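For reference, the chains in residue letters:
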Amino acid sequence: MGIWLRKNEKLAVLIISGLLIALAFLVTPYSQNGRTVLMIVAAVVSGFRIAQTALFALQSGVVSIQLLVTIAAVGGIAIGNPWEAAAVTFLFAFGGYLEARTIGKTREAIQQLLNLAPASATVLRGGEELVVDPEEVMVGETVVVRSGGKIPVDGIVSKGTASVNQAAITGESAPLDVSSGNKVFSGSLLEAGYVEITAERVGDDTTFARILHMVEEAQERKAPTQKFIERFARWYTPGIILLSLAVGIFTRNLHMALTLLVIGCPGALVISTPISMVAGIGNAAKNGILVKGGEFLEKAGKVTVVAFDKTGTLTEGKPALTGVMSLDVSESELLQLAASVEKGSEHHIGRAIVSGSKGAALSSVDEVQVFAGGGIRGLVEGRHILVGNRRLFAENHISVPDPVEAWMQERENRGETPVLVASDCVTIGSLSIADTLREEAADAVAGLKRAGKRVIMLTGDNPRTARATADKLGLDDFRAQLLPEDKVKAIQELRASGAFVAMVGDGINDTPALAESDLGIAMGAAGTDAAIETADLALMSDNLSKVTYAFQLGKATLANIRQNVAFAVAVVFLLVIGVLGQKVFLATGMLAHEASVMLVILNALRLRTWKGK
Amino acid sequence: MADMVKVTAKLEQLSCPDCANMIERVVKKQKGVESTEVRYTTNKLIVTFDKAVIGWEDIEKAIGKLGYAVVSKTESV
């Protein structure tokens, strides 16, 4: 009992003073004195802490709402109205208690994420299994996870197979099958199977830990609306004090002046924005969308144009070689030469050529030179091999024979990307590469268009390939043959035309465009630090439908904030009028004030369970 | 000799936005405290103070007198 009381002091105080107030009403018909005494005791019980806080704050020269409540209660008793004293203190304490409990709920989504954090790790040391704190695992060590266990580190599976639920990271609840060579993330749940994992990142370095850290930071960042409201509160509060003073001086009605002070506190207004933001950010996090701050959720609700990068965003980003056309040399020789040059290439086309040449023995390459947005050259077996697009060939004054040009156009009309190959400045053929469109891409585009957004594609591909893709997806527009800096320019032009532009990319080679847009969205960000750092919004999974969800959630959050602000302003306005018109008195005013704060919180809580349209 | 230290403390759930504001202002008024910030949405108090003038215990006591408990804290220089 003693421990319970200490832990639940606030609740105990509420129950006791509530019972005293009820008792006071019960004895009213029999004894007015009894009623007065009981009401005063109730006021003292619920008001003691409030007065203590008020006095201590006052010692530091701070005038708090608690001080106003204390003055109101003491004043109520002094002018022979103990019911008002009891009501004001009880309602203030009750409101505070309820608000604290409810506000905690808005962060529940984050709390649920925190609960997914692994508590221990089983590590293999000297051939023995050892259970340690996840932070104590060292990079390079092998961690063992069995059915039902949580993966405690980011790493690569070295042995075994398992079905893994990565909902904590990506928001996707469908389990993923992993085996040797696959990447797994800390915070995922191993549903069935057994794996050994080589730890790559541990503790605070894991993607999961970074997400948690960023979500918490995001909740603390102030959105523009919030800053505006805080500026508003800066002149509003002194305004109310002056109004109360004026009312007190001119009407000699101290009671009215005091009521104005208490109900004038802008509690509901001040929390109207942050509370909705926190709930919205929490909802996003639960769905695998990392929002870097409330302002970006606000912005997500305002987007008018969505620009997609093509490769890796609208497509799966796993381009494959689909065709070879050669002049004067054999197809396999052409492929072998091109693959040798591209051997070390990081470019997706280069990688597709290398993996498409499977089996061929690649020659060593010298003097490699990369042309961004153009291609690559290198010295192979004494021949200068150039692999690249038409522009690069034109710049090098290498002509493209008609049959090659015809073959390329035919490929481009199918949405493929052909590249030219030259040996010692003579075109020897072409290789065609294609990337599969994401399954959900067409639906996602259609959804965005239904929501009234213009959907465009920015790509480095040639116009013909771009058009084929744009037609397949039903895009509003596309810009082709763009170098990374052209993408930035395209975004600038769109913004200059008055559009509010979101850029969606993989966050690796379109970083400048992401930074230039009003809202940069990175896809498949789990495990990609650069993407998480640059983007305003990072989708942990590769699912395009999350883009639509993010915009909808942003819109819902904006609407929620507007409802809250409008409601809070209306309540304060009506109360002030009511008080001045002698229709609202201290107890009812206090009730309305506390109720308005509560309603704002409850409204924000709706965002927590919001599920999209 | 000033011995500045920055403490980030998690407070128990704050009951009202005005309370966050009050805690911030009261802590700032304590001698030796250089800057204070209370983040209402995460119940965090970030305070920079001079260890030579005031101890963390004193700050925690001041918050306690206002009716709030400190749940956890981390210190950085």
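A. Structural context of the sheet that holds strand E20 (residues 537–539) of chain A. Residue and element names in this part refer to chain A. With mixed pairing, the seven strands of this open sheet are ordered in space as E8-E20-E19-E18-E9-E16-E17. Either end of the sheet is taken by a strand with one partner, and the two such strands are strand E8 (289–291) and strand E17 (477–479). Sheet twist, expressed as the mean angle between neighbouring strand axes with direction ignored, is 20 degrees.

B. Molecular detail of the interface of chain A and chain B. Residue-level contacts link 28 residues of chain A with 25 residues of chain B. Carbon and sulfur atoms supply 58% of the area buried between chain A and chain B, which totals about 2200 Å² over both sides. Applying the counting rule to chain A against chain B returns one salt bridge. In this structure, Glu 12 of chain B engages Lys 10 of chain A in a salt bridge whose closest nitrogen and oxygen atoms are separated by 3.4 Å. Where chain A meets chain B, there are four residue pairs in polar contact (both at pLDDT 80 or more). The set of elements that each furnish at least two residues to the side of chain A that touches chain B consists of helix H3 (32–59), helix H4 (65–78), helix H5 (82–106), helix H8 (207–220) and helix H11 (267–286) of chain A. By residue class, the composition of the side of chain A that touches chain B is 13 nonpolar, ten polar and five charged.

C. Structural view of the pattern of salt bridges. Residues and elements named next belong to chain A. Applying the stated criterion to the full structure yields 24 salt bridges over all chains. For Arg 125, the salt bridge is made with Glu 141, and the minimal N-O distance between the two is 2.7 Å. Of this pair, Arg 125 sits in strand E1 (residues 121–125) while Glu 141 is found in the loop between strand E2 (128–132) and strand E3 (142–146), placing the two residues 16 residues apart along the sequence. The class of Arg 125 is partly exposed, set by a relative accessible area of 28%. Using a relative accessible area of 14% as the deciding quantity, one classes Glu 141 as buried. In this structure, the salt-bridge partner of Arg 495 is Asp 518, at a minimum N-O distance of 3.0 Å. Here Arg 495 is found in helix H20 (residues 484–496), whereas its partner Asp 518 is found in the loop between helix H21 (511–516) and strand E19 (519–522), with 23 residues between them in sequence. With relative accessibility at 35%, the residue Arg 495 sits in the partly exposed group. Since its relative accessible area comes to 11%, Asp 518 is described here as buried.

D. Quick peek at helix H14 (residues 331–342) of chain A. Residues and elements named next belong to chain A. Compared with the 16 Å implied by 1.5 Å per residue over twelve residues, the 16 Å span of H14 between its first and last C-alpha is a close match. For H14, the tally of buried residues reaches nine of twelve residues, placing the bulk of the element in the interior. Residues Leu 334, Leu 335, Gln 336, Leu 337, Ala 338, Ala 339, Ser 340, Val 341 and Glu 342 constitute the buried set of H14.

E. Representation of helix H1 (residues 17–29) of chain B in the model. Taking 1.5 Å per residue as the helical rise, H1 of chain B with its 13 residues ought to reach 18 Å, and the 19 Å between its terminal C-alpha atoms agrees with that figure. What H1 of chain B keeps buried is the set Pro 17, Asp 18, Cys 19, Ala 20, Met 22, Ile 23, Glu 24, Val 26 and Val 27 of chain B.

F. Quick look at the sheet that holds strand E13 (residues 383–388) of chain A. Residues and elements named next belong to chain A. The six strands lie next to each other as E10-E15-E14-E13-E12-E11, forming an open sheet whose pairing is antiparallel. Only two strands of the sheet have a single partner each, and these edge strands are strand E10 (320–326) and strand E11 (365–371). Geometrically, the sheet is characterised by an average inter-axis angle of 20 degrees between neighbouring strands, direction not taken into account. Lying on the sheet, helix H15 (residues 348–356) is in contact with E10, E13, strand E14 (417–423) and strand E15 (426–434); it crosses E15 at an angle near 95 degrees.

G. Broad picture of a negative patch on the surface. Residue and element names in this part refer to chain A. Where like charges cluster on the molecular surface, the negative patch consists of Asp 133, Glu 135, Glu 136, Asp 204 and Asp 205. Locating Glu 135 in the fold gives a position in the loop between E2 and E3. Take Glu 135: its relative accessible area is 52%, and that puts it in the exposed class.

H. Up close: the packing of H14 of chain A against H15 of chain A. Residue and element names in this part refer to chain A. Put simply, H14 and H15 touch, their axes get as near as 8 Å, and they point 130 degrees apart. Viewed along their axes, H14 and H15 adopt a mutual orientation that is oblique. Between H14 and H15 lies a crossing of left-handed hand. Residue-level contacts link Leu 335, Ala 338, Ala 339 and Glu 342 of H14 to Gly 350, Ile 353, Val 354 and Gly 356 of H15. Here the residues of the contact of H14 with H15 sort into five nonpolar, two polar and one charged.

I. View of unusual backbone geometry. Residues and elements named next belong to chain A. Positive phi, close to 60 degrees, is recorded for Arg 252, a residue that is not glycine. With respect to the element layout, Arg 252 can be found in the loop between helix H9 (224–251) and helix H10 (254–263). The exposed category is assigned to Arg 252, whose relative accessible area is 71%. Phi is positive for His 397, close to 55 degrees, though the residue is something other than glycine. Mapping His 397 onto the fold places it in the loop between helix H16 (390–395) and helix H17 (402–413).

J. Here's a closer look at the domain arrangement of chain A. Residue and element names in this part refer to chain A. Each domain of chain A was delimited in the assignment, giving domain 1 (2–106), domain 2 (118–211), domain 3 (221–280 + 557–605), domain 4 (288–315 + 440–551) and domain 5 (320–434). Measuring from the centre of the C-alpha atoms in domain 4 to the corresponding centre in domain 5 gives 29 Å. Contacts between the two partners involve eleven residues from domain 4, matched on the other side by 13 residues from domain 5. Counting each side, the surface lost to burial between domain 4 and domain 5 is near 930 Å², with a carbon and sulfur contribution of 46%. Linking domain 4 with domain 5 are one salt bridge. Glu 412 is paired through a salt bridge with Arg 464; the nearest N and O atoms lie 2.3 Å apart. Among the secondary structure elements, those contributing two or more residues to the side of domain 4 that touches domain 5 are helix H13 (310–314) and helix H19 (463–473). Residues that form the side of domain 4 that touches domain 5 fall into these classes: two nonpolar, five polar and four charged.

Conventions and cut-offs
Residues numbered from 1 in each chain as written. Chains lettered and ligands numbered in written order. Predicted model: local features only at pLDDT ≥ 70, side-chain atom pairs only at ≥ 80, totals over all residues. Heavy atoms only, no water. Pairing = 2+ DSSP bridges. Helix = DSSP H or I, 4+ residues; strand = E, 2+ residues; numbered from the N terminus. Axes fitted to C-alpha atoms, helices over the stretch in contact; angles between N-to-C directions. Contact = heavy atoms within 4.5 Å. Buried area = accessible area lost by both parts, 1.4 Å probe. Salt bridge = Lys/Arg side-chain N within 4 Å of Asp/Glu carboxyl O. Polar contact = N/O pair within 3.5 Å; in protein donor to acceptor, adjacent residues only side chain to side chain. Nonpolar A, V, L, I, M, F, W, Y, C, P; charged D, E, K, R; others polar. Buried < 20%, exposed > 50% of the residue type's maximum accessible area, 1.4 Å probe, protein only. Expected span 1.5 Å × (residues − 1). Patch = residues over 30% accessible without salt bridge, like charges linked within 9 Å, V, L, I, M, F, W, Y side chains within 5 Å. Areas by Shrake-Rupley, 256 points an atom, 1.4 Å probe, with all protein chains shown as cover. Lys, Arg positive; Asp, Glu negative; His and termini not counted. Charge placed at Lys NZ, Arg CZ, Asp CG, Glu CD. Parallel < 35°, antiparallel > 145°, perpendicular 65-115°, else oblique. Left-handed = near helix turned anticlockwise from the far one by under 90°. Domains from an automatic or database assignment.

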